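Results of the structural survey
Residue strings, one per chain:
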Amino acid sequence: MVYKQVLRGWLIFSLLFGWIPVSIANTNLHLHPSRELFLQAEAALSQGQMSLYQKLKARLTRYPLFPYLLYAEYDRRMPSLTFEEFHHFVDNYPDSPLAGQLRKRWLQTKAKQEDWKAFLKAYQPTEDVSMQCYQLWASLRTHHDPKIILNQISTLWMSGKTPPKSCEAPFAVFERSGMMTRPLAWQRIKLLIQEGNETLARKMSKYLKKSEISLVELWLMIHNNPYLVTQHKYFTDHHPAYLEMIVDGVSLIAKTKPEAAIKIWQQIGHRYKFAERHWGLVVRAIGLSYALQRNPDSERWLNKVPAIYANQAVHEWRIRVTLAKEDWPSVLRWVKNLPEFLAKTDEWQYWQARALEMVNRRPESQLILTKLSNTRSYYGFLASHQLLRPYLIHQHKTAIEKSLAEAIAEKKSILRARELHILGRFIKAKTEWIFATNRLTDKEKHAAASLAIKWNLPNWAILALSKANNKDDISLRFPVIYTKHILQEAHKHEIDPAWILAITRQESAFVPHAKNPSGATGLMQLMPSTAQMVARKKQIPLSNEAALLEPLTNIQLGSGYLKMMLDAHRNNAVLATAAYNAGPGRIKKWLPVYDTAADLWIETIPYKETREYVKNVMTYTAIYQEILGKKPTLSRHMPYIHRASD
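Please read these numbers as outputs of a predicted model, since none were measured by experiment.

Conventions we followed
Residues numbered from 1 in each chain as written. Predicted model: local features only at pLDDT ≥ 70, side-chain atom pairs only at ≥ 80, totals over all residues. Heavy atoms only, no water. Helix = DSSP H or I, 4+ residues; strand = E, 2+ residues; numbered from the N terminus. Buried < 20%, exposed > 50% of the residue type's maximum accessible area, 1.4 Å probe, protein only. Contact = heavy atoms within 4.5 Å. Areas by Shrake-Rupley, 256 points an atom, 1.4 Å probe, with all protein chains shown as cover. Axes fitted to C-alpha atoms, helices over the stretch in contact; angles between N-to-C directions. Parallel < 35°, antiparallel > 145°, perpendicular 65-115°, else oblique. Left-handed = near helix turned anticlockwise from the far one by under 90°. Nonpolar A, V, L, I, M, F, W, Y, C, P; charged D, E, K, R; others polar. Disulfide = S-S within 2.5 Å. Phe/Tyr/Trp six-rings, centres within 6.5 Å; stacked < 30°, edge-to-face > 60°. Lys NZ or Arg CZ within 6 Å of the ring centre and 35° of its normal. Core = buried A, V, L, I, M, F, W, Y, C linked by side-chain atoms within 4.5 Å. Salt bridge = Lys/Arg side-chain N within 4 Å of Asp/Glu carboxyl O. Polar contact = N/O pair within 3.5 Å; in protein donor to acceptor, adjacent residues only side chain to side chain.

What follows concerns the overall build of the chain. If you tally the helices and strands in the chain, you get 37 helices and zero strands. For the chain, the spread of C-alpha atoms along the principal axes amounts to about 80 × 70 × 50 Å. For the chain, the proportion of its 646 residues judged to be buried stands at 51%. Taking the intrachain contacts of the chain between residues at least 6 apart in sequence as the baseline, contacts between residues at least 24 apart amount to 60%. Of the roughly 31,400 Å² that the chain leaves accessible, carbon and sulfur atoms contribute 54%.

Structurally, His315 is set in helix H18 (residues 312–324). By relative accessible area, His315 is classed as buried at 10%. In this structure His315 touches Ala310, Asn337, Leu338, Pro339 and Leu342, once residues within four positions along its chain are discounted.

Positive phi outside glycine occurs at Asn456, with the angle close to 60°. Inspection of the secondary structure puts Asn456 in the loop between helix H27 (442–454) and helix H28 (458–465). Classification of Asn456 as partly exposed rests on a relative accessible area of 39%. One non-glycine residue, Gln539, lies in the positive phi region at around 55°. Its place among the elements puts Gln539 in the loop between helix H32 (528–538) and helix H33 (551–568).

Among the eleven residues of helix H4 (residues 66–76), eight are classified as buried, and the element is accordingly described as predominantly covered. Listed in full, the buried residues belonging to H4 are Phe66, Pro67, Tyr68, Leu69, Leu70, Tyr71, Glu73 and Tyr74.

Now for the environment of Thr504. Structurally, Thr504 is set in helix H31 (residues 497–508). A C-alpha to C-alpha distance of 41 Å links Thr504 and Glu259, two positions 245 residues apart in sequence. What Thr504 contacts, discounting residues up to four positions off in sequence, is Ala509, Phe510, Leu523 and Met524.

On to the packing of helix H8 (residues 129–141) against helix H9 (residues 146–157), then. Following both chains from N to C, one finds H8 and H9 inclined at 160°, their axes separated by 10 Å at the closest point. As summarised for this structure, H8 and H9 are arranged roughly antiparallel, according to the angle between their axes. Handedness of the H8/H9 crossing: left-handed. Counted together, Val129, Gln132, Cys133, Leu136, Ser139 and Leu140 of H8 and Pro146, Ile149, Gln152, Ile153 and Leu156 of H9 form the full contact between these two elements. Across the contact of H8 with H9, the residue classes tally to eight nonpolar, three polar and no charged.

A covalent bond between the sulfur atoms of two cysteines is what we call a disulfide. Going through the model one piece at a time under the given rule, you end up with one disulfide. Disulfide partner of Cys133: Cys167, at an S-S distance of 1.9 Å. Taking the torsion about the S-S bond as the criterion, the Cys133 to Cys167 disulfide, at about 90°, is right-handed. Taken together, the residues Cys133 in helix H8 and Cys167 in the loop between H9 and helix H10 (168–176) connect sequence positions 34 residues apart.

To continue, consider the packing of aromatic side chains. For the structure on display, the rule yields 28 aromatic pairs. Over the face of the ring belonging to Phe478 we find Arg505, whose NZ or CZ atom lies 4.2 Å from the ring centre. Here Arg505 stacks its cationic end above the ring of Tyr620, 4.8 Å away from the centre of that ring.

Before going further, it helps to examine the nonpolar core. Met245, Val250 and Trp433 are the most contacted members of the largest nonpolar core, which has 121 residues in total. For this core, the element with the highest residue contribution is helix H14 (residues 240–256), accounting for nine residues. If we skip the residues at most four places from it in the chain, Val250 touches Val229, Ala261, Ile264, Trp265, Ile268 and Val282. Core analysis: the next-biggest nonpolar cluster, separate from the first, contains 85 residues, Ala353, Ala498, Ala573 and Ile623 among them.

What follows concerns the packing of helix H5 (residues 83–92) against helix H6 (residues 97–112). Two elements in contact, H5 and H6, have axes separated by 9 Å at closest approach and are oriented at 155°. The orientation of H5 relative to H6 falls into the category roughly antiparallel. Of the two possible hands of crossing, H5 and H6 adopt the one that is left-handed. Contact residues: Phe83, Phe86, Phe89 and Val90 in H5; Leu98, Ala99, Leu102, Arg103 and Trp106 in H6.

Before going further, it helps to examine the pattern of salt bridges. According to the stated counting rule, one finds 36 salt bridges in the structure shown. Across the pair Arg277 and Glu244 runs a salt bridge whose closest N-O atoms are separated by 2.3 Å. In this pair, Arg277 is assigned in helix H16 (residues 276–292) and Glu244 in helix H14, connecting sequence segments 33 residues apart. In the salt-bridge network here, residues are joined through shared partners; they are Glu316, Arg320, Glu347, Glu603, Glu612 and Lys615.

Take the side chain of Glu316 next. Residue position: Glu316 is located in helix H18. In contact with Glu316, not counting residues within four places along its chain, are Leu342, Glu347 and Trp348.

Here we take up H28. In terms of residue burial, H28 counts as a mostly covered element, since seven of its eight residues are buried. Inspection of H28 places Pro458, Asn459, Trp460, Ala461, Ile462, Ala464 and Leu465 among the buried residues, and these make up the whole buried set. Contact partners of the buried residues in H28: helix H25 (412–422), helix H26 (426–437), H27, helix H29 (474–477) and H31.

Before going further, it helps to examine the environment of Tyr207. Structurally, the position occupied by Tyr207 is in the loop between helix H12 (198–204) and helix H13 (210–224). Counting along the chain gives 26 residues from Tyr207 to Thr181, while the straight-line C-alpha distance between them is 8.3 Å. With sequence-adjacent residues up to four places away left out, Tyr207 is seen in contact with Glu175, Met180, Arg182 and Ala185. Polar side-chain contacts of Tyr207 include one of 2.7 Å to the side chain of Glu175.

Take a look at the structure:
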């Protein structure tokens, strides 16, 4: 009954908007009885009613989800599935993620049966470590050159993560070979301990000298209680592992208590023969920890990090720390010191331009800002603001020929995605859609995105264009839906509807049933506890958690919470946006010691997730202002960030 209602609603939607071709409408009407047969066939297969299943299956060969039915059947009888059946499936449905899934299941079965020739015949290169290990073992068992295979095994073996079960056999061969030396064993033990993989670290100790086994136990103790590094009685001889575990312990302390790490390092630094590498790792850990805590000493410690140990985080936080102090000459010095791949990014180009302006090198600054202002991006909009120029939104609707739209709508992969969604199998539908659209040309992706909008699936439009080269069709990438609800709530709370749209796009991409692992739910991704609190304060009816999936309710509560965040942060949308993501408690800790420009404050937010979140929301707000017919400007939403109250 549910799927009948969904289908009826979709057809009414299509007819109202007058878009969908008659052939497509007729196709979906025709699919209606097939959909019922499909569900019946699935039930018959799961209940083992094979005679009924085969009869129903014979009537479904032209139904889009036939490969899902066939996959379920093949999965059920995988041990006896022939190579011909397997090969026929992957050859016939290469446009579906099911082909890769069946290949993996087939390979797992052949590995279990130890049919290594059949395994290698069907294997294709993959990022799946479990499959890679099976392939290496299969190669060893079928007499490939062992030296080449052992070299490949060693690459997978040198990891701190728990390996898949399929890696046990090839790893054991490598560990028994002459290629696995004690120094290599120590390297892996270090990685395992740092990943918290105690069980495997202990197992690896059998490849050490008997006198070294106790060192592994000591290192594990230090990893769980790093303050043991202060007890000299544990480090009485000159084994190199002692230095590694001391550095590991001090670095762990530095993550949360850099002052304690400094004090300990000063106490023990002279006792042992540390190399420059050890010093560099400790100093780096202290400097980065101080930077994330906004400690005034962070610049001094980051400056001490030797160039060879300065990773991307060090390079970027050196700039952010000097930005927070508005030390513009130092900003320029550290930008100049960036590796080339970082120096070319919009982020650091923008801050180079801002620094040049502040040290009276305006012509150079204007040159960089002018180039950036020609991009539709956060830094492009900031550059336009600095130049007092209109933002370059560059909305250009892609013309889609009717024949192309019809061809895309009739593609088997697209029909499969749509059918899965109608049946409420949202995860499989999304997976099928992504798999299908990633293989389309740019024009085809735009046609698919247009189709998704017609189907009231704006998140699918966003997904379809996420990897397109042409990103200028703003109406597809930034859908405007639930407009009535959003405008109503924006008016009620006196907030910009473009901001609500921007938050919603960032949070859920307009998926009403979205729910993340932490429990945030619905269009504006509200935690149930937050929703209950807002419902009480704003007197919004909220019967249960399921009600958060209802768009109007979610928008009411989400907009109400945004208003509460605005009121709590002096009507500052930047702070309210950051609080919406990270929580108001953290924002209080991040407030500056003196009034600071919003772009400076955003750039120095300690949490990368929140930093990027705020940038995205500000960018999307400007774009939605353009779409809603307003002049795009971030100045209204990015006033100065006032210093923390005493």
